[in-house]
Amino acid sequence: LYVGGAILSGVYVGDRCSPMSSSAALICALTHTDIYGNFKRLLKDGFIPFMLVCAGYALLSLLEPVHGIDTDATAPLRENFVFGFWVLLPALIVLGFGILRIDVKKAMAVSIAVAACASFFLQGADLITIGRTMLLGYRAPLDCLAMLDGGGIASMANVIGIVAISSSYSALFEKSGLLDSFEGAVVWLARRIGSFRATAIVGLLSTGLACNQTLSIIITHQLCHHVQANRREMAMYLENSVVLLSAVLPWSIAFSMVSLTLQQGPAIILFALYLWLVPLYWCVRSRRAHQY
């Protein structure tokens, strides 16, 4: 449970601070902010809760230490794949382009091209295999490598459909005025408990109804953009509330995808310290001053 919680926490550290993150790109589009500027702010303001999370897992590891490790766990990988600097290069390109603030789409294109070259020249894969893997995902030839199965454009079909349908609700809500009465209630709530706290509550409730991170972010922004006029602050509100809280409800896709991968139940949510401590930290530090 501790390890599952730590992995779930780590997933959302990356989800908030990676130029490849779909949620980060969505928030930038909604708030009209710069993705790299948001990352700089997230890293700066998130340092204290991140260190508290690390301290929490250090304490849990003392309570439940690991006494042994399977040293042969990586043997099948070493026997069937070539490792070296060039294999790391696709990931390093994404990191380097991010540091240089180069457009995300360019970073992805270059990383994919380098990864394809590494597969062809180092791993000995032919062009047909590389193309099929990119489209349909990897299928391991041996049972011991089955943990690597997956990926490919086809595997993203459901996610693409969810994002497309969820995004279409934005215009529907705006044009129909379905959320107008709720916006007034959110403003009333923000005046009494604070803008960020109100945003966090709305984010949790919207996740409970929408069951996915994308639609939850869209609904939360539409309901809460009046309580914080500063676009950069609104981006931080969303990143530190609904993005994380979308994974604390076991029926949300944001959690269930991780749960299926780890083969762990909802109990790991209790030990996903990052998902809890960041919103709590911002609730404590946020003032009751508002910008309407």
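One can find the structure itself at the top, above this paragraph.
Rules behind the numbers
Residues numbered from 1 in each chain as written. Predicted model: local features only at pLDDT ≥ 70, side-chain atom pairs only at ≥ 80, totals over all residues. Heavy atoms only, no water. Phe/Tyr/Trp six-rings, centres within 6.5 Å; stacked < 30°, edge-to-face > 60°. Helix = DSSP H or I, 4+ residues; strand = E, 2+ residues; numbered from the N terminus. Buried < 20%, exposed > 50% of the residue type's maximum accessible area, 1.4 Å probe, protein only. Lys NZ or Arg CZ within 6 Å of the ring centre and 35° of its normal. Axes fitted to C-alpha atoms, helices over the stretch in contact; angles between N-to-C directions. Parallel < 35°, antiparallel > 145°, perpendicular 65-115°, else oblique. Contact = heavy atoms within 4.5 Å. Nonpolar A, V, L, I, M, F, W, Y, C, P; charged D, E, K, R; others polar. Patch = residues over 30% accessible without salt bridge, like charges linked within 9 Å, V, L, I, M, F, W, Y side chains within 5 Å. Areas by Shrake-Rupley, 256 points an atom, 1.4 Å probe, with all protein chains shown as cover. Salt bridge = Lys/Arg side-chain N within 4 Å of Asp/Glu carboxyl O.

Chemist: Which parts of the structure should I look at to understand the packing of aromatic side chains?
Modeler: Two measures describe an aromatic ring pair: the distance that separates the ring centres and the angle between the ring planes. Going through the model one piece at a time under the given rule, you end up with seven aromatic pairs. With centroids separated by 6.5 Å and ring planes inclined at 55°, the aromatic side chains of Phe-81 and Tyr-138 adopt a geometry described as tilted. Here the residue Phe-81 occupies a position in the loop between helix 5 (75-80) and helix 6 (85-99), and Tyr-138 occupies one in the loop between helix 8 (127-136) and helix 9 (157-176), the gap between them amounting to 57 residues. The class of Tyr-138 is partly exposed, set by a relative accessible area of 23%. Ring centres 5.0 Å apart and planes at 90° place the aromatic pair Phe-120 and Phe-121 in the edge-to-face group. For Phe-121, a relative accessible area of 64% gives the class exposed. Clustering of aromatic rings is evident, with ring pairs tying together Phe-196, Tyr-237 and Trp-282. The ring centre of Trp-282 lies 4.8 Å from the NZ or CZ of Arg-285, which sits over that ring.

Chemist: Explanation requested: the packing of helix 6 against helix 7 (residues 104-121) in the structure shown.
Modeler: The description of two packed helices rests on the angle between their axes and on the distance between the axes. Interhelical geometry of helix 6 versus helix 7 gives an angle of 175° and a closest axis separation of 8 Å. Of the possible angle classes, the one that applies to helix 6 and helix 7 is roughly antiparallel. Two secondary-structure elements touch here, helix 6 through Trp-86, Leu-89, Pro-90, Ile-93, Val-94 and Phe-97 and helix 7 through Lys-106, Ala-107, Val-110, Ser-111, Val-114, Ala-115 and Ala-118. In terms of residue class, the contact of helix 6 with helix 7 is built from 11 nonpolar, one polar and one charged.

Chemist: Mind showing me how you'd approach the environment of Phe-255 here?
Modeler: Looking at the element boundaries, Phe-255 is found in helix 15 (residues 253-262). Put simply, Phe-255 and Leu-245 are 10 residues apart on the chain and 9.8 Å apart in space, counted from C-alpha to C-alpha. Setting aside its immediate chain neighbours within four residues, Phe-255 contacts Leu-8, Ser-246, Ala-247, Leu-249, Pro-250, Gly-265, Pro-266, Ile-268 and Ile-269.

Chemist: In this structure, what is going on with a nonpolar patch on the surface? I would like to understand it.
Modeler: Taken together, the side chains of Val-82, Phe-85, Trp-86, Val-87, Leu-88, Leu-92, Leu-95, Phe-120, Phe-121, Leu-122 and Leu-127 define a hydrophobic patch exposed on the protein surface, amounting to about 1,100 Å² of accessible area. Where the nonpolar patch is concerned, the elements lending two or more residues are helix 6 and helix 7. Looking at the nonpolar patch, the element that brings in the most residues is helix 6, giving six residues. By the secondary structure assignment, Val-87 is in helix 6. Given the relative accessible area of 33%, Val-87 is considered partly exposed.

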